[in-house]
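One letter stands for each residue in the lines below.
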Amino acid sequence: MEISADVHEGRGLALVSVWTGLVVWTDGFWYRWWTGRRSRMGRWLYAHHSAFEPERAARRIAARYAELRRVAVGVS
């Protein structure tokens, strides 16, 4: 699977816009992205993964991307 993205960086933070609803950011130590869910209090819930395991982080981010793509095209 090929995923295109736009990268914006500065001030020790990089943002990667992957897909509508999926922006990944890192401070060099952690990758973070919105899970698509909110807490009972209405706060956005975020997933995170260590930047020291970029392959595992990439698999988790790709899984979220695939989930968003399935929703976008209406596939269960």
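With that out of the way, let us pick up the overall build of the chain. The secondary structure content of the chain amounts to one helix and five strands. Reading the chain from its N terminus to its C terminus gives the helix and strand order β-β-β-β-β-α. Every one of the 76 residues in the chain was classed for burial, and the buried ones make up 22%. In the chain, the share of contacts with a sequence separation of at least 24, taken over all contacts with a separation of at least 6, comes to 24%. For the chain, the computed accessible surface area is about 5,900 Å², with 54% contributed by carbon and sulfur atoms.

Next up on the list: the pattern of salt bridges. What the rule picks out here adds up to three salt bridges. Of the charged contacts, one joins Glu 53 and Arg 56 as a salt bridge, the two residues approaching to 3.4 Å between their closest N and O atoms. A residue is classified by how much of its surface remains accessible, and Glu 53, at 32% relative accessible area, is partly exposed. Notably, a salt bridge pairs Arg 64 with Glu 67, separated by 3.3 Å at the nearest N-O pair. Here Arg 64 pairs with Glu 67, and both are found in helix α1 (residues 54-73), just three residues apart, close to one helical turn.

Averaged over all residues, the pLDDT of the chain equals 86, while 89% of them reach at least 70. Ranking the elements of the chain by mean pLDDT puts strand β1 (residues 6-10) last with 71 and strand β5 (residues 44-50) first with 95.

Rules behind the numbers
- Residues numbered from 1 in each chain as written.
- Predicted model: local features only at pLDDT ≥ 70, side-chain atom pairs only at ≥ 80, totals over all residues.
- Heavy atoms only, no water.
- Helix = DSSP H or I, 4+ residues; strand = E, 2+ residues; numbered from the N terminus.
- Buried < 20%, exposed > 50% of the residue type's maximum accessible area, 1.4 Å probe, protein only.
- Contact = heavy atoms within 4.5 Å.
- Areas by Shrake-Rupley, 256 points an atom, 1.4 Å probe, with all protein chains shown as cover.
- Salt bridge = Lys/Arg side-chain N within 4 Å of Asp/Glu carboxyl O.
- pLDDT = per-residue confidence, 0-100.

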